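Secondary and tertiary structure notes
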Amino acid sequence: MFSIIQAAGWPIWPLIACSILALALVIERFISLKVAKVAPPKLLDEVITVTRMGVPGPDVINQLEKNSAMGEVLASGLRMLTINPRCSDEELRAGMEGSGRLVAHRLERYLSALATIASAAPLMGLFGTVVGMIEIFGSQTPSGATGGNPAQLAHGISVALYNTAFGLIVAIPSLIFWRYFRARVDEYLLTLELAAERLARHLSSLRKLG
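Moving on to the overall build of the protein chain. Per the secondary structure count, the protein chain includes 9 helices and 0 strands. Ordering the α and β elements of the protein chain from the N terminus gives α-α-α-α-α-α-α-α-α. The C-alpha radius of gyration of the protein chain comes to 27 Å, more than 25% above the 17 Å expected for a compact globule of 210 residues. Here the C-alpha coordinates of the protein chain stretch approximately 95 × 30 × 20 Å along the principal axes. The buried share among the 210 residues of the protein chain stands at 38%. Looking at the protein chain alone, contacts between residues at least 24 apart form 77% of all its contacts between residues at least 6 apart. Surface exposure of the protein chain reaches about 12200 Å², of which carbon and sulfur atoms provide 67%. Positive and negative charge centroids in the protein chain, built from 19 and 16 side chains respectively, lie 4 Å apart.

Structural data, given as structure tokens:
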């Protein structure tokens, strides 16, 4: 492996740094975007069951908020009712939408960095290719004869090819994982939006009955 890095020359080092960063971002997003941390399947039904007897106390709301991203959105609606029991349905929905925007921002964290790596890696590989081509032309004699420095010629070819290949090796998985996480976040945001709307309708109906 070290021999390949030596053959690729110094332009490979930024690509190696990008590959390490991309791997760290992918691992972090896999951990942060687990279903249990974002939208537990049974959480909404449990919240609706608990609120049928009235708005729960602050301790229960705080515990719900720490449960997951969905819990944070639902807790914001319950907390608003605790602070202002006479708030309108529009105010209740607006409160949960505000919390939802904060959650969405957190779910989308680092995705732009991963997309940047996917876009920049081929360009960095192309830069290494240009450096290799410069070395190839530099190995030629001033008269234009082909009998230049063979070692420098071989090194220039290695730099050009290895950097091109490594740039694609970094970019392709980064692009795949970015699209995967982007779709996953969009699915989560739709789930949170539907859950907040269902809780808002539930709380509205309870207040009308009360």
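Okay, the nonpolar core next. Formed by 45 residues in total, the largest nonpolar core has its most connected members in Met-70, Leu-107 and Leu-199. Of all elements in the fold, only α2 (12–32), α4 (43–51), α5 (58–67), α6 (69–83), α7 (89–107), α8 (111–138) and α9 (150–209) reach the threshold of two or more residues within this core. For this core, the element with the most residues is α9, which contributes 12 residues. If sequence neighbours within four positions are ignored, Leu-199 has contacts with Leu-44, Val-47, Ile-48, Leu-74 and Met-96.

The next point concerns the packing of aromatic side chains. This structure, assessed with the given rule, holds 6 aromatic pairs. Where Trp-10 meets Phe-127, the ring centres are 5.8 Å apart and the plane angle is 65°; that geometry is what we call edge-to-face. Of this pair, Trp-10 sits in the loop between α1 (2–8) and α2 while Phe-127 is found in helix α8, placing the two residues 117 residues apart along the sequence. Ring centres of Phe-30 and Tyr-180 lie 5.9 Å apart, and the angle between their planes is 40°; this geometry places the pair in the tilted category. Of the two residues, Phe-30 sits in helix α2 while Tyr-180 sits in helix α9, which places them 150 residues apart along the sequence. Clustering of aromatic rings is evident, with ring pairs tying together Phe-30, Phe-177, Tyr-180 and Phe-181.

Next up on the list: unusual backbone geometry. With phi around 75°, Tyr-110 is a residue other than glycine that occupies positive phi space. Within the fold, Tyr-110 resides in the loop between α7 and α8.

Moving on: the environment of Val-55. Locating Val-55 in the fold gives a position in the loop between α4 and α5. Along the primary structure Val-55 and Gly-132 are separated by 77 residues, whereas in three dimensions their C-alpha atoms are 68 Å apart. Those residues in contact with Val-55 that lie beyond four places of it in its chain are Ile-61, Leu-78, Leu-81 and Thr-82.

Turning to a nonpolar patch on the surface, a few remarks are in order. Taken together, the side chains of Leu-123, Leu-126, Val-130 and Ile-134 make up a nonpolar region of the molecular surface, amounting to roughly 400 Å² of accessible area. Given a relative accessible area of 56%, Ile-134 falls into the exposed group.

All right, on to the pattern of salt bridges then. The full count for this structure, using the stated rule, is 8 salt bridges. A salt bridge links Arg-29 to Glu-28, with the shortest nitrogen-to-oxygen separation between them at 2.6 Å. Ionic pairing is found between Glu-65 and Arg-79, a salt bridge with its closest N-O pair at 3.3 Å. Here Arg-79 lies in helix α6 and Glu-65 lies in helix α5, a separation of 14 residues in the sequence. Relative accessible area serves as the criterion here: at 26%, Arg-79 is assigned to the partly exposed category. One network of salt bridges, in which partners are shared, links Arg-93, Glu-197 and Arg-201.

What follows concerns the packing of α2 against α8. As a packed pair, α2 and α8 sit with axes 10 Å apart at the nearest point and diverge in direction by 155°. Here α2 is positioned roughly antiparallel relative to α8, judged by the angle of their axes. For the crossing formed where α2 meets α8, the hand is left-handed. Residues Pro-14, Leu-15, Cys-18, Leu-21, Ala-22, Leu-25, Val-26 and Arg-29 of α2 pack against Leu-111, Ala-113, Leu-114, Ile-117, Ala-121, Met-124 and Gly-125 of α8. Within the contact of α2 with α8, the residues separate by chemical class into 13 nonpolar, 1 polar and 1 charged.

Cut-offs and rules
Residues numbered from 1 in each chain as written. Predicted model: local features only at pLDDT ≥ 70, side-chain atom pairs only at ≥ 80, totals over all residues. Heavy atoms only, no water. Helix = DSSP H or I, 4+ residues; strand = E, 2+ residues; numbered from the N terminus. Rg over C-alpha atoms; globule rule 2.2 N^0.38 Å. Buried < 20%, exposed > 50% of the residue type's maximum accessible area, 1.4 Å probe, protein only. Contact = heavy atoms within 4.5 Å. Areas by Shrake-Rupley, 256 points an atom, 1.4 Å probe, with all protein chains shown as cover. Lys, Arg positive; Asp, Glu negative; His and termini not counted. Charge placed at Lys NZ, Arg CZ, Asp CG, Glu CD. Core = buried A, V, L, I, M, F, W, Y, C linked by side-chain atoms within 4.5 Å. Phe/Tyr/Trp six-rings, centres within 6.5 Å; stacked < 30°, edge-to-face > 60°. Patch = residues over 30% accessible without salt bridge, like charges linked within 9 Å, V, L, I, M, F, W, Y side chains within 5 Å. Salt bridge = Lys/Arg side-chain N within 4 Å of Asp/Glu carboxyl O. Axes fitted to C-alpha atoms, helices over the stretch in contact; angles between N-to-C directions. Parallel < 35°, antiparallel > 145°, perpendicular 65-115°, else oblique. Left-handed = near helix turned anticlockwise from the far one by under 90°. Nonpolar A, V, L, I, M, F, W, Y, C, P; charged D, E, K, R; others polar.

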